[in-house]
Amino acid sequence: MDVKTLHQLTLKKIKPSLVFFCFLAFLPACRQEHGIRNLVVHYHNGRAETLSFESDADPAGFRLIRSGEMETYLLGEMVSSGKAIEFIPAIPFQPGQSYEVHRDGQKIGGFIISDPTGKGSPEVLQFYPTTDSVPENLLKLYIQFSMPMQEVGHAVDFIQVRDKSEGQPVDIFLHLESELWNKEHNLLTLWLDPGRIKTGLIPNKAMGLPIKAGHSYSVRISPEWKSATGQPIGEGYQKTYYVGAGDRARPNPADWKLQPPKGNSKDPLKLSFPEPLDAILLPESFHLQDGEGRNIQITFQLGPHETSIELLPLNNWKKGSYTLLIDSILEDLAGNNISRLFDEELQGGNPDSRVSEVEQLDFTIE
């Protein structure tokens, strides 16, 4: 059974839950003079799924970050009804992690996520890509967990891949000495063997691509995989992918659809792509400047199956000209980025390759 996409999380799906109120001694955000009141973390089945508080201020000005990570705002939905405001993170808050509430770039409070169940059982929150169809030269998978996972052994020992079309297990991942975790150790990057993907290399000639077009593959997480605190997941998680033809074209910003917001609003700047792009690189690849070349502070919300992204401003949009800068590191699912094809590294380049490190899209807000 596939993991449900996080972007389908809405207020209607949140069932009655345990509620934990913050303490004034530790959470200055609870003080009325700081602009927000009655800050509450809502738990459901042991997960901290939402944060609610009250404020007289415009809810669009609030942002949440992990403590110590000033550059990255949490993805999620801010919902308001009168003075009541609720933040629904795209990925549930992590047990033991501290967070900060910011407004207009300033910290106005913070809170720490507890473990109300006392069990600390980890969960698989998402497989990326979230789409069910991938190219036969797929380069990477990501697995997002609800908490830090163990640092002993090898992650691939707890991941079983099965070719459902042939009914047998297969070994598709690159075995690394040092596994590719983020610094919180709750996001794992899994590379399919590049030696088998790059044409012309011996592994590719001898064994072919790791996955085959026309086949379906299940990626299953072992229930014995443990968190950093030694708690097993306790149930298996599975994602199934159908494999299509290879993708051997670069992402081209000229093919993207940009929908500018209205001036004097906080509506999102919407960008749609004709194919899924790398879920982890997407929020890192865009920078926005106004007509004077000044950077505009923005946050990001991924769309379904990573085929779109919304850029949200900290302040109201001003009418005028803007430039969206796109870092060439942005890749599609086959590892092709804006400047080169994945295979070009081996073949020494291509006369058609673009060499610029930054692309740009110009637009106007009326």
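What you see is a predicted model; the values in this text were computed from it and never measured.

Draft legend 1. Seen up close, the overall build of the chain. Along the chain, the regular secondary structure elements total 3 helices and 25 strands. If you take every contact in the chain between residues at least 6 apart in sequence, the share linking residues at least 24 apart comes to 66%. Here the chain has roughly 18000 Å² of accessible surface; of this, 50% comes from carbon and sulfur atoms.

Draft legend 2. The arrangement of the pattern of salt bridges in detail. Under the definition given, this model contains 10 salt bridges. Here K266 and D58 are joined by a salt bridge, their closest N and O atoms 3.9 Å apart. Linking K266 in the loop between β18 (257–259) and β19 (269–272) with D58 in the loop between β3 (47–54) and β4 (62–66), this pair joins segments that are 208 residues apart in sequence. When the shortest N-O distance is used, the salt bridge between E166 and K212 registers 3.4 Å. Of the two residues, E166 sits in the loop between β12 (159–163) and β13 (168–170) while K212 sits in the loop between α2 (202–207) and β16 (216–221), which places them 46 residues apart along the sequence. Each of the salt bridges in this network shares a partner with another, and the network as a whole consists of R37, D56 and K83.

Draft legend 3. A look at the sheet that holds β18. Ordered by their spatial adjacency, 4 strands build an open sheet running β18-β19-β23-β22, and the pairing between neighbours is antiparallel. Every other strand in the sheet has two partners, leaving β18 and β22 (298–302) as the edge strands with one partner each. Neighbouring strand axes in the sheet, compared pairwise and without regard to direction, differ in orientation by 20° on average. In the sheet, β19 pairs with strand β23 (residues 308–313) via 4 bridges, with the strands oriented antiparallel. In the sheet register, L269 faces β23, and the bridge partner there is L311.

Draft legend 4. Region of the structure containing the packing of aromatic side chains. What the rule picks out here adds up to 13 aromatic pairs. Plain terms: the ring middles of F93 and Y99 are 4.9 Å apart, the flat faces sit at 70° to each other, and that makes the pair edge-to-face. Taking the relative accessible area as the measure of exposure, F93 reaches 3% and is therefore buried. Overall, Y99 belongs to the buried group, its relative accessible area being 3%. Three or more aromatic residues link up through ring pairs in this structure, and these residues are F87, F93, Y99 and F111. Residue placement shows R103 over the ring face of F62; its charged tip is 4.8 Å from the ring centre. Its guanidinium or amino end placed over the ring of F342, K198 lies 4.0 Å from that ring's centre, counting from NZ or CZ.

Draft legend 5. Quick peek at the confidence of the model for the chain. Looking at the chain, the pLDDT average stands at 82 and 84% of residues meet or exceed 70. Taken element by element, the predicted model of the chain shows its lowest mean pLDDT in strand β1 (residues 18–21) (39) and its highest in strand β10 (residues 133–135) (97). Low confidence marks residues 1–34, where pLDDT is under 50. Its contacts with residues over four positions away, or in another chain, come to 74 contacts. Long-range and interchain partners of residues 346–355, a stretch whose pLDDT sits below 50, account for 17 contacts in this model, where long-range means more than four residues apart.

Draft legend 6. Molecular detail of the sheet that holds β16. The 5 strands are arranged β10-β17-β16-β12-β13 in an open sheet whose pairing can be described as mixed. A strand with exactly one partner marks an edge of an open sheet, and here the two such strands are β10 and β13. Direction aside, neighbouring strands of the sheet carry axes that sit 35° apart on average. In terms of strand pairing, β16 meets strand β17 (residues 237–244) through 6 bridges, oriented antiparallel. In the sheet register, S216 faces β17, and the bridge partner there is Y242.

Draft legend 7. How the structure looks around the environment of E123. In this fold, E123 is placed in the loop between β8 (106–112) and β9 (124–128). With a relative accessible area of 22%, E123 lands in the partly exposed category. Apart from the residues lying within four places of it in its own chain, the contact partners of E123 are R47, Q144, F145, S146 and Y237.

Draft legend 8. Focus on the nonpolar core. Core analysis: the largest hydrophobic core is formed by 33 residues, its most contacted members being F145, I159, F173, I221 and W225. Breaking this core down by element, the ones donating at least two residues are β9, β11 (140–145), β12, β15 (187–191), β16 and β17. Non-local contacts of W225, meaning those with residues more than four positions away in its chain, are made with F145, M149, Q150, A155, F158, I159, W181, L188, Q231, P232 and I233. Counting 27 residues, the second largest nonpolar core, distinct from the first, contains F273, F300, I309 and F363.

Draft legend 9. How the structure looks around the environment of E184. Locating E184 in the fold gives a position in the loop between β14 (180–181) and β15. Owing to a relative accessible area of 17%, E184 belongs among the buried residues under this scheme. Separated by 90 residues in sequence, E184 and Q94 place their C-alpha atoms 9.8 Å apart. If we ignore the near neighbours within four places in the chain, the residues touching E184 are R66, E69, Q94 and P148. At a separation of 2.9 Å, a polar atom in the side chain of E184 contacts the side chain of N182.

Calculation criteria
- Residues numbered from 1 in each chain as written.
- Predicted model: local features only at pLDDT ≥ 70, side-chain atom pairs only at ≥ 80, totals over all residues.
- Heavy atoms only, no water.
- Helix = DSSP H or I, 4+ residues; strand = E, 2+ residues; numbered from the N terminus.
- Contact = heavy atoms within 4.5 Å.
- Areas by Shrake-Rupley, 256 points an atom, 1.4 Å probe, with all protein chains shown as cover.
- Salt bridge = Lys/Arg side-chain N within 4 Å of Asp/Glu carboxyl O.
- Pairing = 2+ DSSP bridges.
- Axes fitted to C-alpha atoms, helices over the stretch in contact; angles between N-to-C directions.
- Phe/Tyr/Trp six-rings, centres within 6.5 Å; stacked < 30°, edge-to-face > 60°.
- Buried < 20%, exposed > 50% of the residue type's maximum accessible area, 1.4 Å probe, protein only.
- Lys NZ or Arg CZ within 6 Å of the ring centre and 35° of its normal.
- pLDDT = per-residue confidence, 0-100.
- Core = buried A, V, L, I, M, F, W, Y, C linked by side-chain atoms within 4.5 Å.
- Polar contact = N/O pair within 3.5 Å; in protein donor to acceptor, adjacent residues only side chain to side chain.

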